[in-house]
Amino acid sequence: MSSDISYTPEEVAKILKISKFTVYELIKRGELTAYHIGRKVRVENADLDRYKQRAKGASSALSSASSSFGNSPSSNTNSASDEGLVICGQDIVLDILTRQLEKQFPSLRFLRHYIGSIDGLNALYRGLANVVTTHLWDSDTDEYNIPYVRRMIPGHAAMIINLVYRIEGFYVAKENPKNVLTWNDLTRPDIRFINRERGSGARVLLDEKLRVLKISHTSINGYTDEEMSHVAVASKVARGEADVGLGIEKAAMQVNNVDFIPLQKERYDLVIRQEDLEKPHFQALMSILNTTSFKNEVMGIGGYDVSHMGQVIATV
């Protein structure tokens, strides 16, 4: 019977057409129910069906938000904001923030959408999201986020609010046996790289650095090999399937057999429409960011600098 069927994470990945590491991330976050038989992980067919139904519901919510916002980015957003908030970004800090908001507004629906920085800004511009995160470095100005928000949300005032600072760097095998230390090392013929997907902050950082250093991406073995999260990249390095990947320090703390080579401190910001700031749930969000208890909770999980959390970086 179909109810007796179970799948390995690899089989689930093929069914959903996603990376198997994304499947492990879904299981870790509790979004996809799984069980262990010894060291093997299995997913029941019924649990997979439930996950797909929830995913369809999320897509319907986004479509509903789009209808409420209207097809034009200038459309009024009140109706969608009254029904719920769509929060875009992949960092675990957003999960903690969302839980805090749910406690204060139990009747309000909060939808987490795990997408990268450029896709998040595009969703905010199109009216498909209310709060997005971004960590996009601009090589011309040596500035994070402000140039991108200004270009990608033209004509609409947006507020950039700091969430945390993080360290971006290389994931390498324990004790860095291949001595990978610089961007130029990625071009060595003995190095296999694992990349992030287009639109992610890590991918933009890499591409901007390559542009500045006049390094062709075609000289990097593995440039076209992509994973959808920092943890997935670090895991691939840990298993010896790649020699180096790029991501945040926090993921290196979560994955065994990986060392971290720090390269750059990045500013990880929230972006919202200025017109939304006076609404109760956005005021609550700002209040949470400035509480000692929330800052202490984020500091407690390690890998984050909260010294500027809640500060308005710019209005553009």
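Placed above this text is the structure.
Residues numbered from 1 in each chain as written. Predicted model: local features only at pLDDT ≥ 70, side-chain atom pairs only at ≥ 80, totals over all residues. Heavy atoms only, no water.

Draft legend 1. Up close: the pairing of strand β10 (residues 193-196). Across the two faces of β10 the burial is the same, with Phe193 and Asn195 and Ile194 and Arg196 all buried. The pairing of β10 with strand β12 (residues 244-248) spans 2 bridges and is classified as parallel. Bridge pairing in β12 places Ile194 opposite Gly245. Two elements, β10 and strand β11 (residues 226-227), share 2 bridges in a ladder whose sense is parallel. Its bridge partner lying in β11, Asn195 is registered against Glu226. Taken together, β10, helix α8 (residues 201-213) and β11 constitute a β-α-β crossover, and its handedness is right-handed. (Buried < 20%, exposed > 50% of the residue type's maximum accessible area, 1.4 Å probe, protein only. Helix = DSSP H or I, 4+ residues; strand = E, 2+ residues; numbered from the N terminus. Pairing = 2+ DSSP bridges. Right-handed = clockwise from strand over helix to strand, strands pointing away.)

Draft legend 2. View of unusual backbone geometry. Look at Asp142: it is not a glycine, yet its phi comes out positive at around 55 degrees. Residue position: Asp142 is located in the loop between β7 (137-138) and β8 (143-144). Residue Asn145 is not a glycine yet carries a positive backbone phi of 75 degrees. Inspection of the secondary structure assignment puts Asn145 in the loop between β8 and α7 (146-152).

Draft legend 3. Representation of the packing of aromatic side chains in the model. Under the counting rule described, the total for this entry stands at 2 aromatic pairs. With a centroid separation of 6.0 Å and 45 degrees between ring planes, the pair formed by Tyr171 and Phe260 is classed as tilted. Here the residue Tyr171 occupies a position in strand β9 (residues 158-173), and Phe260 occupies one in strand β13 (residues 258-273), the gap between them amounting to 89 residues. Assessed through its relative accessible area of 0%, Tyr171 is described here as buried. Here the basic side chain of Arg112 rests over the ring of Tyr114, its NZ or CZ set 4.3 Å away from the ring centre. One cation-aromatic arrangement involves Arg151 over Tyr148; the distance from NZ or CZ to the ring centre is 5.0 Å. (Phe/Tyr/Trp six-rings, centres within 6.5 Å; stacked < 30°, edge-to-face > 60°. Lys NZ or Arg CZ within 6 Å of the ring centre and 35° of its normal.)

Draft legend 4. View of α8. Its 13 residues place the ends of α8 18 Å apart at the C-alpha level, agreeing with the 18 Å of an ideal helix rising 1.5 Å per residue. Downstream of α8 by a residue or two, Lys214 has a phi angle that is positive, lying close to 55 degrees. (Expected span 1.5 Å × (residues − 1).)

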